[in-house]
Amino acid sequence: MVVIFDLDDTLYIEKEFVFSGFFEVANWISNVSNSLSEDVFKMMVTDFELNGRGRVFDNALARFYKKTKKNVQKCISIYRLHTPKIKLKDETVKLLLDLKCHYKLYLVTDGNKIVQNNKIKALKIERYIEKAFITYRYGRKASKPSLKCFEIIKNIEKTNWENMVYIGDNPHKDFVNLNKVNAITIRILKGDYANHKVDSTYDAKHKIYDLNELCDLLKTNL
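Before going into details, it helps to say that this report is about the structure given with it. Predicted model only: the values in this text are computed from it and were never measured.

## As for the layout of surface pockets
So, point 1. Within this model, the largest pocket holds a volume of roughly 690 Å³.
So, point 2. Asp 8, Glu 14, Arg 53, Gln 116 and Lys 119 are, among the 29 residues lining the largest pocket, the residues nearest its centre.
So, point 3. Secondary structure elements with two or more residues in the lining of the largest pocket: α1 (14-32), α3 (56-64), α4 (69-81) and α6 (113-123).
So, point 4. A per-class count over the lining of the largest pocket returns nine nonpolar, six polar and 14 charged.

Now the structure itself:
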């Protein structure tokens, strides 16, 4: 059996990366203004929690420095290119080590190529898996729900869809096409999509609340 993981809000909590990026942006704003980085960071976190990340940098610049297109782009660049201060939980590392003894493990993730690669490096995920696939490396059309990267894994392992398991968190795109080819789909109920309701064709065939439930599910129900 081949077990494939999503990254954000599956193997780790994406908010940790977001706050790591905010911290670096806050330091830059502090350096070019008369503000304290702690104040800038606190404002960005509060703004994010209330309104999402859409205009966090615009609002922080407007309050603490100068909101210009150039400065917003600078914040975005710092956020995307920074080396994130994130790590896998000890129990996640143990899970991956346990699974590696029995299954071939892979990663398939959407997103900016540099950002996702930085996350993978910081989390040291490649210690535990065969290969990480960042879908955007194959063009935007390869992003989920495309089966492009899953087909590559299928061919590498010379297996069939029924022998492939995918664990993700986003029911709007992660599972729909994998369901159609009868792959095994598992939704972890964490992060922004934990309470989202979708049509059964889009939802995963199985649901878990924590990765610690995965081993038992693989052994007993699949």
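## Here we look at the pattern of salt bridges
So, point 1. Tallying each qualifying case throughout the model produces 14 salt bridges.
So, point 2. Here Lys 15 ties to Glu 49 by a salt bridge, and the two come within 3.6 Å at their closest N and O atoms. Separated by 34 residues along the polypeptide, Lys 15 in helix α1 and Glu 49 in helix α2 (residues 37-51) bring together distant segments of the chain.
So, point 3. The exposure class of Lys 15 is partly exposed, given its relative accessible area of 35%.
So, point 4. Judged by its relative accessible area of 44%, Glu 49 falls in the partly exposed class.
So, point 5. A network of salt bridges, in which partner residues are shared, links Asp 8, Glu 14, Arg 53 and Lys 119.

Reading the values: the criteria
- Residues numbered from 1 in each chain as written.
- Predicted model: local features only at pLDDT ≥ 70, side-chain atom pairs only at ≥ 80, totals over all residues.
- Heavy atoms only, no water.
- 1 Å grid on protein atoms, 1.4 Å probe; cavity = no way out; pocket = protein on both sides within 12 Å on 5 of 7 lines; lining within 4 Å.
- Points joined across faces, edges and corners; volume = space filled by probe spheres on them.
- Helix = DSSP H or I, 4+ residues; strand = E, 2+ residues; numbered from the N terminus.
- Nonpolar A, V, L, I, M, F, W, Y, C, P; charged D, E, K, R; others polar.
- Salt bridge = Lys/Arg side-chain N within 4 Å of Asp/Glu carboxyl O.
- Buried < 20%, exposed > 50% of the residue type's maximum accessible area, 1.4 Å probe, protein only.

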